[in-house]
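Inside the fold
Residues per chain are reported as follows:
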Amino acid sequence: MKKIPFIKMDGLGNDFVILRDIDLTEDEIRAIGNRKTGVGFDQLIVLKPSKIAEIKILFFNADGSVAGACGNGSRCTAKLLMDEMNKDSIIMESPTGGLLKGKRAEGDLISVNMGQPKLAWNEIPIKEDQDTLNIKGISDELPLPVGVSMGNPHAVFFVDDINKINDEFLSKWGNYVEHHEMFPQRVNVEFAQVVKPDLIRMRVWERGAGITEACGTGACATLTAAVRRKLSNNKAKIQMDGGSLIIEWDKNHDIIMTGTTHTSFKGELYL
């Protein structure tokens, strides 16, 4: 039996178990993610040595699958490491080899530069060459979504009344869209209402995790989609079930994500 130290953190209720320099099987990841018999998480974060940054981050979903990116997880990791190193900024290597730049912002907020969103059909990816601003072929019962990749794929649906997107609706359509043949790597699903140009209300179904309180890359994708649709400013508050993030698509075309983090507890796993 392995004894493994861990830290439990969250960003707006989007929760993570953080481990260091370990390799786990899918069964072990699912066991840790079980909220009755394990610790429970939306994503598992494993920190590895990096040759190009201060740390490399790997992300895994609760079903054991690999995640290409995790915005709130990146902010939590940045906060953890900056506190340990007594620094105000840090550079982290993403699972895809890109660099994520974290820093302390106003008050106790943490910002991460998530890089430039990818908007081409084959970068998201979707299965065929079509306009990612209005992806056709999903369902006649849903509005046409906007496709965005933030290192992981997203489909953003804009609605007139977010209050109609209850858990039953989100479970039904989130699961349907996640596994739709249009998305060969599956997809994260956001439903969003633009309340005003600098305020967007959003709910999310995460690929491999289901309904979550918040999603950092989902917030980034939603702001990107809203700007592309000319529905919002390039900086807006994205309000989710667990709280809000400030997302900015800056003059360098990078997405900057800023919000709070929280450390819940530390412990040891036995696998």
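Scroll up to find the structure.
Okay, so let's go over this structure. The structure presented is a predicted model; accordingly, all values stated were derived computationally and were not measured. (Residues numbered from 1 in each chain as written. Predicted model: local features only at pLDDT ≥ 70, side-chain atom pairs only at ≥ 80, totals over all residues. Heavy atoms only, no water.)

Brief notes about the overall build of the protein
To keep things clear, this is the line we draw: In DSSP terms, a helix is any run of H or I states spanning at least four residues, a strand is any run of E spanning at least two, and both are numbered starting from the N terminus. Both definitions apply: the radius of gyration is a C-alpha atom measure, and the globule rule equals 2.2 Å times residues to the power 0.38. Classification of residues uses two cut-offs on accessible area relative to the type maximum, computed with a 1.4 Å probe and protein chains only: under 20% is buried, over 50% is exposed, and between them is partly exposed. Here, residues are in contact when the closest pair of their heavy atoms is within 4.5 Å. With residues, only the protein chains shown are counted as cover, and all accessible areas are computed by Shrake-Rupley using a 1.4 Å probe. Think of it this way: Lys and Arg go in the positive column, Asp and Glu in the negative one, and His and the chain ends go nowhere. Every charge is mapped to an atom, namely NZ of Lys, CZ of Arg, CG of Asp or CD of Glu.
Summing up its helical and strand segments, the protein has 4 helices and 17 strands in all. For 271 residues, the compact-globule formula gives about 18 Å, and the C-alpha radius of gyration of the protein, at 18 Å, lands near that figure. With the C-alpha coordinates of the protein rotated into their principal frame, the extents come out at 50 × 40 × 35 Å. Taking all 271 residues of the protein together, the buried fraction comes to 55%. Partitioning the intrachain contacts of the protein with sequence separation of at least 6 by distance along the chain shows that 61% fall at a separation of at least 24. By element, 47% of the accessible surface of the protein is carried by carbon and sulfur atoms, the whole surface being about 12,100 Å². Averaging the coordinates of the 33 positive side-chain charges in the protein and doing the same for the 37 negative ones gives two points 3 Å apart.

Notes on the layout of surface pockets
The condition that has to hold: Here a cavity denotes a set of grid points, spaced 1 Å apart and computed over the protein atoms alone, in which a 1.4 Å probe fits but from which it cannot get out, and a pocket denotes an open set meeting protein on both sides within 12 Å along at least five of seven lines; residues with an atom within 4 Å of a point are reported as lining. Grid points are joined across faces, edges and corners, and a volume is the space filled by probe spheres set on the points. In the scheme used here, Gly and all other residues not listed as nonpolar or charged are polar, with Ala, Val, Leu, Ile, Met, Phe, Trp, Tyr, Cys and Pro taken as nonpolar and Asp, Glu, Lys and Arg as charged.
What the largest pocket holds in volume is close to 450 Å³. Where the lining of the largest pocket is concerned, the elements lending two or more residues are strand 5 (66-67) and strand 7 (99-104). Its residues assigned to classes, the lining of the largest pocket comprises 12 nonpolar, 11 polar and 3 charged.

Some remarks on empty space enclosed by the protein
Going through the model one piece at a time under the given rule, you end up with 1 cavity of 30 Å³ or more. Quantified by volume, the largest cavity comes out at close to 80 Å³. As for the largest cavity, its lining consists of 14 residues, and the residues nearest its centre are Gln43, Ala69, Asn152, Asn188 and Glu206. In terms of residue class, the lining of the largest cavity is made up of 4 nonpolar, 8 polar and 2 charged.

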